[in-house]
Amino acid sequence: MRRNLDMLTVKAFAKINLALDVLYKRPDGYHEVAMVMQAVSLADTIILTSHPGDIVLNVNIPGLPDDASNLAYRAAALIKEYAGIQQGVLITLDKRIPLAAGLAGGSADAAAVLKGLNNLWELNLSLDKLSKLAAKLGSDVPFCLYNGTMLATGRGELLSPLPPLPKCYVILAKPAVEVPTAWVYQEFKADRVQVRPDIAAMSKFLEQGSIDGVAGNLANVLESVTIPAHPEIAKIKESMLKYGAMAALMSGSGPTVFGLAGCQKQAEVIASQLKTEGIPEVFVAETVSKVE
Ligand SMILES: C[C@](O)(CO)[C@H](O)COP(=O)(O)OP(=O)(O)OC[C@H]1O[C@@H](n2ccc(N)nc2=O)[C@H](O)[C@@H]1O
Ligand SMILES: Nc1ncnc2c1ncn2[C@@H]1O[C@H](COP(=O)(O)OP(=O)(O)OP(=O)(O)O)[C@@H](O)[C@H]1O
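Residues numbered from 1 in each chain as written. Chains lettered and ligands numbered in written order. Predicted model: local features only at pLDDT ≥ 70, side-chain atom pairs only at ≥ 80, totals over all residues.

Caption draft 1: Looking closely at the site of ligand 1. Around ligand 1, the surrounding shell holds 18 residues, and the nearest of these are Gly138, Ser139, Asp140, Tyr185 and Gly252. Residues of the shell around ligand 1, tallied by class, amount to 7 nonpolar, 9 polar and 2 charged. (Near = placed C-beta within 6 Å. Nonpolar A, V, L, I, M, F, W, Y, C, P; charged D, E, K, R; others polar.)

Caption draft 2: Fine view of the site of ligand 2. Taken together, 18 residues surround ligand 2, and among them Leu71, Ala104, Gly105, Gly106 and Thr181 come closest. At 4 residues, helix H2 (residues 105–120) tops the list of elements feeding residues into the shell around ligand 2. When grouped by side-chain class, the residues that make up the shell around ligand 2 number 8 nonpolar, 8 polar and 2 charged. Looking at the shell around ligand 2, you find at least three residues from each of domain 1 (2–161) and domain 2 (169–286). (Helix = DSSP H or I, 4+ residues; strand = E, 2+ residues; numbered from the N terminus. Domains from an automatic or database assignment.)

Caption draft 3: Structural view of the domain arrangement of the protein. Taken domain by domain, the protein comprises domain 1 (2–161) and domain 2 (169–286). For domain 1 versus domain 2, the separation of C-alpha centres amounts to 23 Å. Per element, the largest residue contribution to the side of domain 1 that touches domain 2 is 7 residues, and it comes from strand E2 (residues 7–25). Of the residues contributing to the side of domain 1 that touches domain 2, the split by class is 15 nonpolar, 5 polar and 1 charged.

Caption draft 4: Just the pairing of strand E8 (residues 169–174), in detail. The element E8 is extensively covered by neighbouring structure, given that 6 of its 6 residues are classed as buried. Burial along E8 is two-sided: the residues Tyr169, Ile171 and Ala173 and Val170, Leu172 and Lys174 are all buried. Relative to strand E11 (residues 257–261), E8 runs antiparallel, the two being bridged by 5 bridges. For leucine 172, the partnering residue across the bridge sits in E11 and is phenylalanine 258. Alignment of E8 against strand E12 (residues 281–286), held across 6 bridges, turns out to be antiparallel. What sits directly across from alanine 173, in E12, is valine 282. (Buried ≥ 20, exposed ≤ 12 C-beta atoms within 10 Å, placed from the backbone. Pairing = 2+ DSSP bridges.)

Caption draft 5: Geometry of the nonpolar core. Counting residues in hydrophobic clusters, the biggest one holds 95 residues, and the most contacted among them are Ala72, Ile91, Leu114 and Ile171. When residues of this core are assigned to domains, at least three map to each of domain 1 (2–161) and domain 2 (169–286). Sequence-distant contacts of isoleucine 91, defined by excluding residues within four places in its chain, comprise Ile46, Leu48, Ile55, Leu57, Ala72, Tyr73, Ala76 and Val113. (Core = buried A, V, L, I, M, F, W, Y, C linked by C-beta atoms within 7 Å. Contact = placed C-beta atoms within 7 Å.)

Pasting the structure below:
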């Protein structure tokens, strides 16, 4: 975070799910999950500037709302009301994370605004308090406050740190479809799942610092919904492996596929080969560690 009197710049990092299991549907309509989440360096940039009056949001891409339906705006409104702040803020959002991609782009923006305004307005709210506000905005938002490698349970908002995944490179490839998260959970049927993650085994491999062990245990039960609807996701996974990724998996509710690579050069070679297949959005990122 960079601060300069009345202006502050915050990065909003995307996430991938190294493991995603759905346990059951709860009475409140959400699904109980168990996930291993990992932050990656593909990021939006948010500039917060002190501003008289109200909250104003500027976005750099068409199709992304700049009103109260944007999670960045909602985060500002929530913390402003909670802390009883009278002044406004100008939020400038430079969006790089693809939309509705399974990468928690909106959640990352919301978390960055909460952290940033806590600093700009000198509120001194603890991460624990910010996390409770974050959970009101979405299940992925608390994780985006912390980043790093975390076990997420409940509806995704209950977090405990895991040993960090040793630094590795992540290729992200998004086909030209957008997938609404609510639809994926709504369509989820446990009896259609072929492979469930073994979270205990993945935790053990993280403790050992074994990227190979983690790569060998990637699993996401939501693939059972999104891949039949968008078979190009399976094709991207196959291509990632063919070009040399250690492993490949759909992130979150999809449709983005991520692949793991041990070194940057190899990740870049895999990314350029995927681009030749006509996949519209391909990025190379690296893992991001937890904030203290
Ligand atoms: C797929 C993941 O991205 C994996 O990290 C998350 O589980 C989704 O997190 P999110 O996008 O922050 O989700 P929310 O904004 O809280 O919820 C969107 C919708 O997804 C469904 N939803 C979400 C999380 C969850 N544990 N169970 C659910 O059933 C609900 O229908 C909800 O209305
Ligand atoms: N700041 C924001 N950035 C991106 N999308 C936003 C934002 N605010 C609201 N939205 C709306 O939310 C929808 C999905 O957002 P997002 O990009 O966070 O999905 P996602 O990556 O699938 O998230 P998740 O992995 O948490 O399910 C978008 O289509 C958009 O209309």
